[in-house]
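Each chain is listed here by its residues.
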Amino acid sequence: MGWAIAVHGGAGDISRSLPHDRRQPREEALRHCLQIGVEALESNLPPLDVVELVVRELENIPHFNAGRGSVLTSEGTVEMEASIMDGNTMRCGAVSGLTTVVNAVSLARLVMEKTPHIYLAFDGAEQFAREQGVEIVDSSHFITPENVERLKLAKEANRVQIDYNAQPIQNDTKKEKPCANGDSQIGTVGCVAVDSHGNLASATSTGGLVNKMSGRIGDTPVIGAGTYANELCAVSATGKGESIIRGTVARDVAALMEFKGLSLKEAADCVVHERTPKGTVGLIAVSAAGEVVMSFNTTGMFRGFATEDGYSEVAIWSDAQVE
Amino acid sequence: MGGWAIAVHGGAGVDPNLPLHRQEEAKQLLTRCLNLGISALNSNLPAIDVVELIVRELETDPLFNSGRGSALTEKGTVEMEASIMDGPKRRCGAVSGLTTVKNPISLARLVMEKSPHSYLAFSGAEDFARQQGVEVVDNEYFITPENVGMLKLAKEANAILFDYRIPNGCETTCGANVESPLHMNGLPISVYAPETVGCVVVDREGRCAAATSTGGLMNKMAGRIGDSPLIGSGTYACDLCGVSCTGEGEAIIRATLAREVAAVMEYKGLGLQEAVDFCIKTRLDDGKAGLIAVSKNGEVAYGFNCNGMFRGCATENGFMEVGIWE
């Protein structure tokens, strides 16, 4: 039994014909973030610090839907959210509606550690960020041309749906334009980690759903839905927020382990394959015993994991296609 | 077994020195709400409609901490939140950061039914309210003189907590700050506003629903979200049961308390009361909270580990009870 870490960059309808130039940078980024996490664990950094560190890195990389690279609201703005949880103490922190904070996950941690509250959002959260002196930038910093395009396509897809009321047309559009297909469904980055003493932590961060209504909150900042950690396991979920909330996904993995005595893998598979609709969810999880699972019922999930015995892997689809 | 059941609450964590007339007022409101729910259930209104109806009633009455009569933020304003969940299919809706919407629970329902999302907050939620044409009023409508007074006391209590001129151990004899050493959420019980109102119902078809609404913690930071709008923490409903929680938000969130009751029923096969007792006893650590719950079999239960919870329950076979203390 040693340390273990897993990261994800979002689950969704990721087309297997995803072009190399859209695939490779993300795989590289996952490897890079995983490496950062591994080095941190090897230097005995506590898992809570490790998950924050890794998610900060993922937020800074524009290829994923968190921090820079966040998808856009229907108004073309970013509204970022995140949460973090410490398995030992079960303390947690969450933020929503951030527009200028460079690292949402770090602000979530500050909510946990510097306020009597768990969850701050919108103007209140932005004000708190300023009081704490965290790094803030103009919100244009987070917007990438890719996401401007995604929003445009999403709006067109909605219009097509309304104008023609014809699903087939929309599906064709999806096939021709891989970046509209499923890419627009990709939400969230996350990291879970356990050290060799069985200390667990989880963190998740996202820009949310493309073309979402301003003010929409997803599963990511909802403790028990997108993020959960206790003494048994740490879980970070991704996919369709509404399904993850209703399914209390992250909490259920731990609950199945605790109340039904399922193993980490059995619990994760049960939640993903039996308790949530197909095509809506993926999750990464580690157990106090150093096990790792990465389970999803979508076409793919950008992910990676590493364990102390030297094994590591980065993958997208289910038959780990890594070049 | 079978038949409808309903429970309502007006918050957990009650000042043991609460004047008798206030206790009476609270019991009357709870009774009135129960009777409203009972009529609705006898006319076969579905559970989801009943919980919304009752919580609207509780929001409109200024007595408890929701809608009108909400606790105030540190700025002296009101920010309300609510959530609702329908057991069959586990549909849900939630709102936070409302400042002008007269009935937050109804907006939460509209989020569930009329938006593609589950949870809307702050100005986005306010915009949605206007699009939906729900009743909106000035923020002042929700503010009661009583709560303005409480806010002042809460600020003073916080100041006293950090006043180093008062030697340790003398707090209880210095001034009139606390007559009772009880604290909840960092505030003396005399200024703590029991957070939240809620209602859980199972109708004659065995459908469960739950709804929770609140103004939140007295003197909270602007933008603070508690457990009430969080599905799985303050509110939960599924095929087996409906649950609404109240008390220290942090403790409820860490325990994912509402979901916990359903999870132990589902995964451990516990009955409703057993599940409620188990969760209250083992899941809260130092946290103080309470909850009400109904099961699809027409049972009703409640539990709390603090010194009181405003509550009422009734079942179709004629059982009815309203209470505050143990």
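Being a predicted model, the structure only gives us computed values, none of them experimental.

## Things to note about the UniProt feature "binding site: substrate" (unreviewed entry) in chain A
Residues and elements named next belong to chain A.
So, step 1. UniProt records the feature "binding site: substrate" (unreviewed entry) for Arg216, Ile217, Gly218, Asp219, Thr238, Gly239, Lys240 and Gly241 in the present numbering.
So, step 2. By secondary structure assignment, the location of glycine 218 is in the loop between strand S6 (200–206) and strand S7 (227–229).
So, step 3. Assignment of secondary structure puts lysine 240 in the loop between strand S8 (233–239) and helix H7 (241–246).
So, step 4. Given the relative accessible area of 42%, lysine 240 is considered partly exposed.

## Describing the interface of chain A and chain B
So, step 1. The partner chain B presents 41 residues to the 38 residues of chain A that form the contact.
So, step 2. Across the chain A to chain B interface the summed buried area is about 3,400 Å²; carbon plus sulfur atoms make up 61%.
So, step 3. The three residues of chain A that bury the most area against chain B are A:Met213, A:Arg246 and A:Phe259, which together make up 20% of that side's buried surface.
So, step 4. Our count for the contact surface shared by chain A and chain B stands at four salt bridges.
So, step 5. The shortest N-O distance in the salt bridge between A:Arg275 and B:Glu266 comes to 2.7 Å.
So, step 6. There are 19 residue pairs in polar contact (both at pLDDT 80 or more) connecting chain A and chain B.
So, step 7. At the level of secondary structure, the elements contributing two or more residues to the side of chain A that touches chain B comprise strand S4 (119–121), helix H4 (122–132), H7 and helix H8 (249–260) of chain A.
So, step 8. Among the elements that take part in the side of chain A that touches chain B, H8(A) stands out by supplying seven residues, more than any other.
So, step 9. Where S4(A) meets strand S9 (residues 224–225) of chain B, two bridges bridge the pair, whose relative direction is antiparallel.

## Observations regarding the state of the cysteines
So, step 1. Applying the stated criterion across every chain, the model contains zero disulfides over all chains.
So, step 2. The thiol sulfur of A:Cys233 is not disulfide-bonded, and the nearest other cysteine sulfur, from A:Cys270, lies at 13 Å.

## A short note on unusual backbone geometry
Residues and elements named next belong to chain B.
So, step 1. Backbone geometry places asparagine 219, a non-glycine residue, at a positive phi of 70 degrees.
So, step 2. Relative to the helices and strands, asparagine 219 is located in the loop between strand S8 (208–214) and S9.
So, step 3. Residue class for asparagine 219 comes out buried when judged on its relative accessible area of 15%.
So, step 4. Positive phi, normally seen in glycine, also occurs at aspartate 285, with a value near 50 degrees.
So, step 5. Mapped onto the elements, aspartate 285 comes out in the loop between helix H8 (272–282) and strand S12 (289–295).

What counts and how
Residues numbered from 1 in each chain as written. Chains lettered and ligands numbered in written order. Predicted model: local features only at pLDDT ≥ 70, side-chain atom pairs only at ≥ 80, totals over all residues. Heavy atoms only, no water. UniProt positions renumbered as here; feature names shortened; annotations may be inferred. Helix = DSSP H or I, 4+ residues; strand = E, 2+ residues; numbered from the N terminus. Buried < 20%, exposed > 50% of the residue type's maximum accessible area, 1.4 Å probe, protein only. Contact = heavy atoms within 4.5 Å. Buried area = accessible area lost by both parts, 1.4 Å probe. Salt bridge = Lys/Arg side-chain N within 4 Å of Asp/Glu carboxyl O. Polar contact = N/O pair within 3.5 Å; in protein donor to acceptor, adjacent residues only side chain to side chain. Pairing = 2+ DSSP bridges. Disulfide = S-S within 2.5 Å.

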